[in-house]
Amino acid sequence: TTTPVATSRGTETSTKYEVLVFSGNLVLQVTNASALISKYDSDPAIAKALAQGIADALPGVESDMVDILSLLASRRLNAAATRLLSLSGNVNAEYRIIVPSSTAASADLTTTTVVPREGS
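Notes on the structure follow. This structure is a prediction, so every number in the text was calculated from the model and none was measured.

1. Here's the deal with the overall build of the protein chain
Next, step 1: Check the secondary structure of the protein chain and you find three helices and five strands.
Next, step 2: Reading the helices (α) and strands (β) of the protein chain from amino to carboxyl end gives β-β-β-α-α-β-β-α.
Next, step 3: The long-range share in the protein chain, meaning contacts at least 24 apart out of those at least 6 apart in sequence, stands at 62%.
Next, step 4: Approximately 8500 Å² of the protein chain is accessible, and the part contributed by carbon and sulfur atoms is 52%.

2. Quick word on the environment of Pro100
Next, step 1: Checked against the element boundaries, Pro100 lands in strand β5 (residues 85–100).
Next, step 2: Between the alpha carbons of Pro100 and Val19 there is a distance of 4.2 Å; along the sequence they are 81 residues apart.

3. A few points about a nonpolar patch on the surface
Next, step 1: On the surface, a nonpolar cluster with roughly 410 Å² of combined accessible area is contributed by Tyr17, Val19, Val21 and Ile98.
Next, step 2: Looking at the element boundaries, Val21 is found in strand β3 (residues 19–30).

4. Let's talk about the pattern of salt bridges
Next, step 1: Using the criterion set out here, one finds one salt bridge in the structure.
Next, step 2: Its salt-bridge partner being Arg96, residue Asp67 comes within 3.3 Å of it at the nearest N-O pair. Separated by 29 residues along the polypeptide, Asp67 in strand β4 (residues 66–77) and Arg96 in strand β5 bring together distant segments of the chain.

5. Overview of the side chain of Ser70
Next, step 1: When you line up the elements, Ser70 lands in strand β4.
Next, step 2: The contact partners of Ser70, leaving out residues within four places of it in the chain, are Tyr40, Asn92, Ala93 and Glu94.

6. Re the nonpolar core
Next, step 1: Counting residues in hydrophobic clusters, the biggest one holds 22 residues, and the most contacted among them are Ile54, Val61, Val66, Ile68, Leu71, Ile97 and Val99.
Next, step 2: Residues in contact with Val66, not counting those within four places in the same chain, are Ala51, Ile54, Ala55, Val61, Tyr95, Arg96 and Ile97.

7. A closer look at helix α1 (residues 33–42)
Next, step 1: Residues of α1 that are buried: Ala33, Ile37 and Tyr40. Projected onto a plane normal to the axis of α1, the buried residues spread over an arc of 60° and lie on a single side.

8. Section: helix α2 (residues 44–57)
Next, step 1: When the terminal C-alpha atoms of α2 are compared, their 21 Å separation across 14 residues agrees well with the 20 Å that a helix rising 1.5 Å per residue should span.
Next, step 2: Taken together, the buried positions of α2 are Ile46, Leu50, Ala51, Ile54 and Ala55. When α2 is viewed along its axis, its buried side chains cluster within an angular range of 165° and face the same direction. For α2, the exposed residues lying more than 90 degrees away from the buried face are Lys48, Ala49 and Asp56.
Next, step 3: Between a side-chain oxygen at the N-terminus of α2 and the backbone nitrogen of Ala45 the separation is 3.0 Å; the capping residue is Asp43.

Calculation criteria
Starting from 1, residues in each chain are numbered consecutively following that chain's sequence as written. Thresholds applied to this predicted model are a pLDDT of at least 70 for local features of residues and 80 or more for the giving and counting of side-chain atom pairs; totals over whole chains, interfaces and linings are not thresholded and use all residues. Working from all heavy atoms in the structure, the side-chain values ignore hydrogens and water. Note on conventions: DSSP H or I runs of at least 4 residues are helices, E runs of at least 2 residues are strands, and numbering of each starts at the N terminus. Residues count as neighbours in contact if any of their non-hydrogen atoms are within 4.5 Å of one another. Reported accessibility uses the Shrake-Rupley method at a 1.4 Å probe radius. Residues are deemed covered only where the shown protein chains occlude them. Patch membership needs two things, relative accessible area over 30% and no salt bridge, and members are linked within 9 Å if like-charged or within 5 Å if nonpolar (Val, Leu, Ile, Met, Phe, Trp, Tyr). Any carboxyl oxygen of Asp or Glu that lies within 4 Å of a side-chain nitrogen of Lys or Arg is treated as forming a salt bridge with it. To form a nonpolar core, buried Ala, Val, Leu, Ile, Met, Phe, Trp, Tyr and Cys residues must be joined to one another through side-chain atoms within 4.5 Å. When a residue's accessible area, from a 1.4 Å probe over protein chains only, is under 20% of the maximum for its type it is buried; when over 50% it is exposed; and in between it is partly exposed. Here the arc refers to the directions that run from the helix axis out to each C-beta atom. By this rule the span expected of a helix is its residue count minus one, scaled by 1.5 Å. Polar contacts here mean pairs of N or O atoms no more than 3.5 Å apart (in protein, one a potential hydrogen donor and the other a potential acceptor; neighbouring residues in sequence count only if both atoms are side-chain atoms).

Right, dumping it as structure tokens:
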């Protein structure tokens, strides 16, 4: 909605956008969870790459619409050697996507579930 607004410099227009906010959690299986978390904390390129990956999977979503809110790692026991703690594990990426309602409607975004492909 565009609305004229009176200011001391004359009349300007103000635009309001309706947005939809989607939030979710993506679980990544990685070979070295602690290294990824450490790098995420020091390198903004990690969040940027995750945001790009999420955006690429959703029609109409651009990477700048995706915010990576946190990465949390959880270690798990290696099945082959249950007494040794494995470096591999799951990393949970919590994200938020803010999409203009018009984009969400044209891309038919309502609730989306991203399911990993077999063998990924």
